[in-house]
Amino acid sequence: MNKDRTIVYMGTPDFAVEPLKKLIEQKFNVSAVVTVADKPSGRGLKMHASPVKEFAVQHGIKVLQPLKLNDPDFLNELKKLNADLFIVVAFRKLPEAVWKLPPLGCFNLHASLLPQYRGAAPINHAVINGETMSGVTTFFLDEEIDTGKIILRKEVPVGADETAGELHDKLMVTGAQLVIDTVNAIFNGNYQLQEQPKPVASGDQLRKAPKIFRNDCRINWQQKALTIHNFIRGLSPYPGAYGIMRTSQGESELKVLKSTLTDLQNTGMPGDIRIENNKLFIGCQDHFIEIITVQPSGKKAMAVSDFLRGLRSEISIVF
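The structure presented is a predicted model; accordingly, all values stated were derived computationally and were not measured. (Residues numbered from 1 in each chain as written. Predicted model: local features only at pLDDT ≥ 70, side-chain atom pairs only at ≥ 80, totals over all residues. Heavy atoms only, no water.)

A. Layout of helix 1 (residues 14-25). In this model, helix 1 (12 residues) spans 17 Å end to end at C-alpha, consistent with the 16 Å of a helix rising 1.5 Å per residue. Along helix 1, the positions that sit buried rather than exposed are F15, A16, V17, P19, L20 and L23. (Helix = DSSP H or I, 4+ residues; strand = E, 2+ residues; numbered from the N terminus. Expected span 1.5 Å × (residues − 1). Buried < 20%, exposed > 50% of the residue type's maximum accessible area, 1.4 Å probe, protein only.)

Structure below.
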């Protein structure tokens, strides 16, 4: 029976918990989970396990936490499991010695419609680029990152004001079901692999999704309002787009987590401020955008109305 075949599951963040949860609910035999080592975090630098490890421990699943994936002891432990299939969701690049082990192969769930948005941050970049359609893809691993043969894909629409966090949650649920569909297809031998389309041949531009660093998150108010609005929602809630707020008391960082477009034209300088009826508007190259949710430096996210009430001096500009 298919449910007697064994699976080793590899993943780390919340996004990887939902597919694992669905595998357990569907009574698949997950013999072990591979995840990152516990890390110190927080003020007390206490050791914290990954979300995937926490879920696995709660459900009595064996957990492996290798520091190096090529470690001989880890590889021997994997071999002893005699798993039929490996599943990878939001983990790290696997060496060939790992992904070639299971007889039925090793597949990955990626949060984009491959070949678009290969890389570490596909959800963020899709929203930043103003995509109206995203999705999830399962594919067999090969030597290169995110280039293997496609097993299944599922499209998911993206709303005009949807944040990366909101799209993440939609893709997480859709992706979990796609993992189940993919496992069933592989166990039943009922699938047809598809080579990843070559965008150059089809005339499409290949859009990448590299890891996002703090220096990538600063808002350029010289750009058009739509570009800035997409940038803000593409980095919300994490890591958060930010500008530098200047008041009579100095300069400080201000994260902008939610905005909305307006028809109000900006005839002044980008970064100019308007405050009307306890609402905050910031000028872009062409129009003002309304700021809905912010996070001042060292504080929690808050509605703009609360932020404005707490200001001790007037904002002169954001840049």
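There is more to say, and it comes next.
B. Highlighting the sheet that holds strand 8 (residues 133-140). The mixed open sheet is built from 7 strands, whose spatial order is 5-2-1-6-7-8-9. Two strands bound the open sheet, and with one partner strand each, they are strand 5 (62-64) and strand 9 (150-157). Across the sheet, the mean angle from the axis of one strand to that of its neighbour is 20°, orientation sign disregarded. Inspection of the sheet shows strand 1 (residues 6-11) paired to strand 2 (residues 29-34) by 5 bridges, in the parallel sense. Of the residues in strand 2, the one forming a bridge with V8 is A32. Here helix 2 (residues 51-58) sits on the sheet and contacts strand 1, strand 2 and strand 5; the angle it forms with strand 5, its principal contact strand, is near 155°. Strand contacts of helix 3 (residues 72-81): strand 1, strand 2, strand 5 and strand 6 (85-89), with the helix running at about 150° to strand 5, the strand carrying the most contacts. (Pairing = 2+ DSSP bridges. Axes fitted to C-alpha atoms, helices over the stretch in contact; angles between N-to-C directions. Contact = heavy atoms within 4.5 Å.)

C. Representation of the packing of helix 1 against helix 2 in the model. Contact pair helix 1 / helix 2: the axes reach a minimum separation of 8 Å and the direction vectors enclose 25°. Here helix 1 lies roughly parallel to helix 2, going by the angle between them. Each of D14, A16, V17, L20, K21 and I24 in helix 1 lies in contact with helix 2, whose residues at this interface are P51, V52 and F55. Considering only residue class, the contact of helix 1 with helix 2 consists of 7 nonpolar, no polar and 2 charged. (Parallel < 35°, antiparallel > 145°, perpendicular 65-115°, else oblique. Nonpolar A, V, L, I, M, F, W, Y, C, P; charged D, E, K, R; others polar.)

D. Here's a closer look at the pattern of salt bridges. According to the stated counting rule, one finds 10 salt bridges in the structure shown. Across the pair K53 and D38 runs a salt bridge whose closest N-O atoms are separated by 3.0 Å. Here D38 lies in the loop between strand 2 and strand 3 (39-41) and K53 lies in helix 2, a separation of 15 residues in the sequence. Here K53 falls in the buried class, since its relative accessible area comes to 15%. K100 is paired through a salt bridge with E96; the nearest N and O atoms lie 3.0 Å apart. Relative accessible area serves as the criterion here: at 51%, K100 is assigned to the exposed category. (Salt bridge = Lys/Arg side-chain N within 4 Å of Asp/Glu carboxyl O.)

E. Quick peek at the pairing of strand 14 (residues 287-296). Among the 10 residues that make up strand 14, 7 are buried, leaving the element largely enclosed by the rest of the structure. Where strand 11 (residues 250-265) lies against strand 14, 8 bridges are found, and the strand directions are antiparallel. The residue of strand 14 that forms the bridge with T260 is E290. As defined by bridge partners, strand 13 (residues 279-283) adjoins strand 14 across 4 bridges and the pair is classed as antiparallel.

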